[in-house]
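Coordinate inspection notes
Residues per chain, in single letters:
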Amino acid sequence: MKDFRLYAITGEQFHPGRDMLEVMEEAIKGGVDIIQLRDKDGSPEVVLRKARALRELTRKYGVTFIVNDYIDIALEVDADGVHLGQNDVSLTEARQRVGDKIIGISTHAIEEALLAEEQGADYIGVGPVFPTKTKVDVVDPVTVDYVRQVAKKVRIPFVAIGGIKLGNVDEVLAAGATRICAVSEIVGSSDVAGTCQAFLRKLEGAGDSH
Ligand code: 3NM
């Protein structure tokens, strides 16, 4: 897969009254290189409509597009890949359905990370690093210790997620993360593009020191 540094996920609850596509376009202009559509409340028809629109937007800018959960929708709109949770379909089944599209999976412990790698995931989510209100059914924070473990033991790309803000991202980078995902901090910002640029400056700074 094309590598990435800053991963944005839709979170419409954080920008009431603002159009989701407009917010994501600002994030792209701010430098995110991968976008995930995550909609736990919409009907499949609504998710499909949003997926089509985001596919068009991301294609225009050459940004990678991932759909959370809905493999059928990812295939239908020709997304670049899907993102799975630990309780969704197995990686093996997902691989059969999506072929060589990207498969990402959320992991919350080193055993899950190593298994995902063994089963052919293209990247893993590593979190929640800090407390988050964005994902309701998630486990307790895994802390930067888990980031450190993954950085040491896992060879496929990993993205740190969960409660990451401009104010605490340095800690996550110091633990070895080179890819970051933030939801509320990006889409809830009054300056979405500026927040993305600020994250990227931090990511670049961390890269230089390694
Ligand atoms: N997945 P925020 S944490 C979508 O740990 C998601 O797998 C997580 O949102 C995981 O940046 C999370 O607003 C929510 O905390 C991240």
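A brief look at the structure comes next.

Parameters at a glance
- Residues numbered from 1 in each chain as written.
- Predicted model: local features only at pLDDT ≥ 70, side-chain atom pairs only at ≥ 80, totals over all residues.
- Heavy atoms only, no water.
- Helix = DSSP H or I, 4+ residues; strand = E, 2+ residues; numbered from the N terminus.
- Contact = heavy atoms within 4.5 Å.
- Near = heavy atom within 4 Å.
- Polar contact = N/O pair within 3.5 Å; in protein donor to acceptor, adjacent residues only side chain to side chain.
- Nonpolar A, V, L, I, M, F, W, Y, C, P; charged D, E, K, R; others polar.
- Buried < 20%, exposed > 50% of the residue type's maximum accessible area, 1.4 Å probe, protein only.
- Pairing = 2+ DSSP bridges.
- Right-handed = clockwise from strand over helix to strand, strands pointing away.
- Phe/Tyr/Trp six-rings, centres within 6.5 Å; stacked < 30°, edge-to-face > 60°.
- Axes fitted to C-alpha atoms, helices over the stretch in contact; angles between N-to-C directions.

On the secondary structure map, H15 appears in the loop between strand 1 (6-9) and helix 1 (20-30). Setting aside its immediate chain neighbours within four residues, H15 contacts M20, V23 and V187.

Our focus in this paragraph is the site of the ligand. Contacts to the ligand come from 15 residues, most closely from P128, T132, T134, G163 and S184. One of the side-chain nitrogen or oxygen atoms of T134 is found 2.5 Å away from an oxygen atom of the ligand. Between the ligand and K135, the relevant distance is 3.1 Å, taken from an oxygen atom to a side-chain nitrogen or oxygen of the residue. For the shell around the ligand, the residue count by class is 5 nonpolar, 8 polar and 2 charged.

The next subject is the pairing of strand 5 (residues 102-107). Among the 6 residues that make up strand 5, 6 are buried, leaving the element largely enclosed by the rest of the structure. Covered by surrounding structure in strand 5 are I102, G104 and S106 together with I103, I105 and T107, the residues of both alternating faces. Two strands pair when backbone bridges link them, and strand 4 (residues 81-84) and strand 5 are joined in this way by 4 bridges, in the parallel orientation. Following the sheet pairing, L84 is matched in strand 5 by I105. Considered for its hand, the β-α-β crossover made up of strand 4, helix 4 (residues 91-98) and strand 5 is right-handed. Pairing of strand 5 with strand 6 (residues 123-126), which is carried by 4 bridges, proceeds in the parallel orientation. Bridge pairing in strand 6 places G104 opposite Y123. In this fold, strand 5 hands off to helix 5 (residues 110-118), which returns the chain to strand 6; that crossover is right-handed.

Moving on to the packing of aromatic side chains. Within the structure shown, the criterion is met by 3 aromatic pairs. Ring geometry for F4 versus Y123: centroids 5.8 Å apart, planes at 80 degrees, classification edge-to-face. Taken together, the residues span a long stretch of sequence, with F4 in the segment before strand 1 and Y123 in strand 6 at a distance of 119 residues. Y123 shares its class with F4; the two are buried. Taken together through their ring pairs, the aromatic side chains of F4, Y7 and Y123 make up a single cluster.

Our focus in this paragraph is the sheet that holds strand 6. On the basis of which strands lie adjacent, the closed barrel formed by 8 strands has the order 1-2-3-4-5-6-7-8 and parallel pairing. Sheet twist, expressed as the average angle between the axes of neighbouring strands with direction ignored, equals 25 degrees. Here strand 7 (residues 158-161) pairs with strand 8 (residues 180-182) via 2 bridges, running parallel. Its bridge partner lying in strand 8, A160 is registered against I180. Contacts from helix 4 reach strand 4 and strand 5 within the one sheet, and its direction differs from that of strand 5 by about 160 degrees. With respect to the sheet, helix 5 is in contact with strand 5 and strand 6, its orientation differing from that of strand 5 by roughly 165 degrees.

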